[in-house]
Structures are given as structure tokens and as C-alpha cells.
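Residue-level structural notes
In case you want the letters, here they are:
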Amino acid sequence: MDVPFHWQLAKLLISIGVVLGLSVIAERVSTRVAGLLSGYPLGTAIALFFIGLELSPQFAADSAVHTLAGFTATLALGGGYLLAARGDGLKGVLTGTAGGLVAWLAASSLLTQLDLNRISGTLITLVAIALFTWLYRAVPDIKASPKGGFSWPALALRAGLAAAIIFLITGLAHAVPSAWAGVMAAFPVTMYPFLVILHLTQGTAPVATVIKHYPAGLGSLLCYALVVSLTYATMGLWQGTLLGFVAATLWLLGWMRLQQWWATRRHRRRQQRAS
């Protein structure tokens, strides 16, 4: 079907705004928080919503079932990027991107061959979250310094990458089965451009910090995709999206509260040992 211009414009503006927001958080707050928010349903929400708008709510709901498992491919992309990005600057970005895409394609090809439902898709990603969290345990937390993040070339690159990925995913959704559309919707639309800019301006250390904390934020994405898969076909896109964001926000707030409680407990234990 022909996609109205105002839908295309909305995709462009929303994608740009989300990527810029993540960049502000990383440079003004912390890369750790940015990593967690990279797991918030931002790019996935944009992709699934417009897939539902351009094709049908039922197609988007079916796709969301495979999105649940598709987050495992996203974790593979982060791991591949981290392994391959051995240097700073453009060379590091290119090698990291190549390694990440190879890992993503390999994982996606496997996932789309599986006959998945909501339970199995969720379990696959939960296992992957535990695995990657363990693998990243030794990666240090490095805060990004507030330098060079808002130059015009950086702004243009962020905008271009985010918009291009969103348009590619929603465009390919017209020509592929719902399994591939769902896995593509799990692609880190907002995190990848953010990683590229952070890598170019700050180097590999803060990029590794964002990737390290990305698995912890995926719980909100799982909540979102699960709710969307249950509500898009029955309640419609707008109500399904709203309920998905409510579920994702509640999970993220609960997770951050749990982390705060755990950090306080560890601090008290250290104080008791010191005394």
C-alpha cells in the first residue's frame, strides 16, 4: 500500500527526537542510564506501530511474537560490536558495525527458522540476557565526557542513521514474513546510531559501558512486545501502544528501584566489614 507523506514525516521526526534524547542523557547524566534507556521500547515501538499502521494490526501483533525472541539477536549485535570494535575513530566504528551485523544476521537467521510463541520467545531472550550480563561482568563503567556531542555533523549523522534504519525496517516489512518483520523490529534502531556517535566522539570505553548495561534494560522491551502482541489485534494500535508503554515503564521503574536497593545493601555491608 502507498504510505501517506505525513506518516513518513512522523517516522522521521520521532526517530530523530529519540536518538538525540539518548545522546543528551549519555553526556549529561551517565552512559549507564543511557544503556538502560536504550532497552526502553523506543525504536521497537516506532517500528511495530508503523508496521501495524502500514500493513495491519494483526500483522504487527504476529510480528511482535518474534520480536520477543529477536532481542536475542540485538544482544548478539552488541556483543559482536564490542568484540570487533578494537579501536577509536571511524575504523573502530566500521569494524564494530561489521562484527555486530554479522552476529545479528546469524542470530536472526536462526530465530526466524524456529516455530515460536510468546512463552518460548520470551524464554530465549531471558536466557540470552543472563548470558550476556555474565559475559559483561568485567567491563568497567566509564562515564562519557560532555565534549563534541552536539556538532552539526554529529546531529546530521544521528538523524540520518535513525531515520534510514526505521524506513528500511518498515519498508522491508511489506515484503517479508511476519517472523522476519518481528526480528527486524527488535533491531536497536535508537541504540546503534547512539553507539556510532559515542564511539566517534568519546572512544570505545563509554561504548562498552552502554553495551554492558543494555541487557538489563531489555526487560521493559519484553514487557512492551508481549503486551503489543496481545492487544494490537483486539484493541487497536493506539490503545495497545499505550498499554505497552505502561507495562514497560512499570518494569523499568521497578528494576531501577531494585538496583538502588541492592547497591544500598552492598554499601552497608562494606561499611559493616570496615568497622
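Data block above holds the structure.
Nothing here was measured: the structure is a model prediction, and the numbers come from that model. (Residues numbered from 1 in each chain as written. Predicted model: local features only at pLDDT ≥ 70, side-chain atom pairs only at ≥ 80, totals over all residues. Heavy atoms only, no water.)

Remarks on the overall build of the protein
The test is simple: Counting from the N terminus, the helices are DSSP H or I runs at least four residues long and the strands are E runs at least two residues long. Working definition of accessibility: Shrake-Rupley area with a 1.4 Å probe, residue cover restricted to the visible protein chains.
In terms of regular secondary structure, the protein is built from 11 helices and zero strands. Working note: accessible area of the protein is about 12700 Å², and carbon and sulfur atoms make up 70% of it.

A look at the packing of helix H3 (residues 43-54) against helix H10 (residues 204-235)
The angle between the axes and the distance between the axes are what describe a pair of packed helices. Rules: In this analysis an axis means a line fitted to C-alpha atoms, helices contributing only their contacting stretch, and an angle means the value between N-to-C directions, from 0 to 180 degrees. An angle below 35 degrees is read as roughly parallel, one above 145 as roughly antiparallel, one from 65 to 115 as roughly perpendicular, and any other as oblique. Two helices that cross are described as forming a left-handed crossing if the nearer one is turned anticlockwise from the farther one by less than a right angle, and a right-handed crossing if clockwise. Should any heavy atoms of two residues lie within 4.5 Å, those residues are counted as being in contact. Ten residue types, Ala, Val, Leu, Ile, Met, Phe, Trp, Tyr, Cys and Pro, are classed as nonpolar, four, Asp, Glu, Lys and Arg, as charged, and the remainder, Gly among them, as polar.
Two elements in contact, H3 and H10, have axes separated by 11 Å at closest approach and are oriented at 15 degrees. Relative to H10, the element H3 is oriented roughly parallel. Regarding H3 and H10, the two cross each other, and that crossing is right-handed. Facing H3, whose interface residues are Thr-44, Ala-45, Leu-48 and Phe-49, H10 presents Leu-221, Tyr-224, Val-228 and Tyr-232. Grouping the constituent residues of the contact of H3 with H10 by class yields seven nonpolar, one polar and no charged.

Things to note about the packing of helix H5 (residues 89-111) against helix H8 (residues 178-185)
As a packed pair, H5 and H8 sit with axes 10 Å apart at the nearest point and diverge in direction by 145 degrees. Read as a crossing pair, H5 and H8 show a hand that is right-handed. Residues Trp-104, Ser-108 and Ser-109 of H5 pack against Trp-180, Val-183 and Met-184 of H8.

A few points about helix H11 (residues 237-274)
Stated precisely, the cut-off is as follows: Multiplying 1.5 Å by the helix residue count minus one yields the expected span of that helix. Each residue's exposure class comes from its accessible area (1.4 Å probe, protein chains only) as a fraction of the maximum for that residue type: buried when under 20%, exposed when over 50%, partly exposed otherwise.
With 38 residues, H11 should reach 56 Å at 1.5 Å per residue; the first-to-last C-alpha distance of 55 Å fits that figure. Listed in full, the buried residues belonging to H11 are Leu-237, Gly-240, Thr-241, Gly-244, Ala-248 and Leu-252.

So, the packing of aromatic side chains
Going by this rule: Stacked, edge-to-face and tilted labels apply to pairs of Phe, Tyr and Trp rings (six-membered ring for Trp) whose centres lie within 6.5 Å, assigned for plane angles under 30 degrees, over 60, and everything in between, in that order.
Scanning the entire structure with this criterion turns up six aromatic pairs. Plain terms: the ring middles of Phe-49 and Trp-238 are 4.9 Å apart, the flat faces sit at 65 degrees to each other, and that makes the pair edge-to-face. Remark: Trp-238 occurs in helix H11 and Phe-49 occurs in helix H3; sequence separation between them is 189 residues. Judged by its relative accessible area of 10%, Phe-49 falls in the buried class. Between Trp-261 and Trp-262, the ring centres sit 6.1 Å apart and the planes meet at 45 degrees, which makes this aromatic pair tilted. Residue classification places Trp-261 among the partly exposed residues on the basis of a relative accessible area of 48%. In this structure Trp-262 comes out as partly exposed when scored by relative accessible area, which is 40%.

Describing a positive patch on the surface
Basically, it comes down to this: Like charges are joined within 9 Å and nonpolar side chains (Val, Leu, Ile, Met, Phe, Trp, Tyr) within 5 Å, but only among residues with over 30% relative accessible area and no salt bridge; these make up the patches. Salt bridges, as used here, are contacts in which a Lys or Arg side-chain nitrogen is within 4 Å of a carboxyl oxygen on Asp or Glu. When charges are counted, Lys and Arg are positive and Asp and Glu negative, with His and the chain ends excluded. A charged residue contributes its charge at one atom only: NZ of Lys, CZ of Arg, CG of Asp or CD of Glu.
Taken together, Arg-265, Arg-266, Arg-269, Arg-270 and Arg-273 make up a surface patch of like positive charges. Summarising the element assignment, Arg-266 is placed in helix H11. The class of Arg-266 is partly exposed, set by a relative accessible area of 44%.

A short note on the environment of Thr-170
Selection criterion: N or O atoms closer than or at 3.5 Å make up a polar contact, with two conditions inside protein: a donor-capable atom paired with an acceptor-capable one, and, for residues adjacent in sequence, both atoms drawn from side chains.
Considering the arrangement of structural elements, one finds Thr-170 in helix H7 (residues 152-172). Using a relative accessible area of 1% as the deciding quantity, one classes Thr-170 as buried. The sequence separation of Thr-170 and Ala-47 amounts to 123 residues, and the corresponding C-alpha distance is 6.2 Å. Beyond its immediate sequence surroundings of up to four residues, Thr-170 is in contact with Lys-11, Ala-47, Phe-50, Ile-51 and Glu-54. A distance of 2.8 Å separates a polar atom in the side chain of Thr-170 from the backbone oxygen of Ile-166. Side-chain polar atoms of Thr-170 contact the backbone oxygen of Phe-167, separated by 3.4 Å.

Here's the deal with a nonpolar patch on the surface
On the surface, Leu-90, Leu-94, Leu-157 and Leu-200 cluster together into a nonpolar patch covering about 350 Å² of accessible area. Inspection of the secondary structure assignment puts Leu-90 in helix H5.

Quick notes on the environment of His-174
Along the polypeptide, His-174 turns up in the loop between H7 and H8. For His-174 and Ile-51, which are 123 residues apart along the polypeptide, the C-alpha to C-alpha distance reads 8.3 Å. Here the side chain of His-174 touches Glu-54 through a polar contact of 2.9 Å, side chain to side chain.

Some thoughts on the side chain of Ser-108
In this fold, Ser-108 is placed in helix H5. The contact partners of Ser-108, leaving out residues within four places of it in the chain, are Ala-73, Trp-180 and Val-183.

So, H3
Compared with the 16 Å implied by 1.5 Å per residue over 12 residues, the 16 Å span of H3 between its first and last C-alpha is a close match. The element H3 is extensively covered by neighbouring structure, given that 11 of its 12 residues are classed as buried. Taken together, the buried positions of H3 are occupied by Gly-43, Thr-44, Ala-45, Ile-46, Ala-47, Leu-48, Phe-49, Phe-50, Ile-51, Gly-52 and Glu-54.

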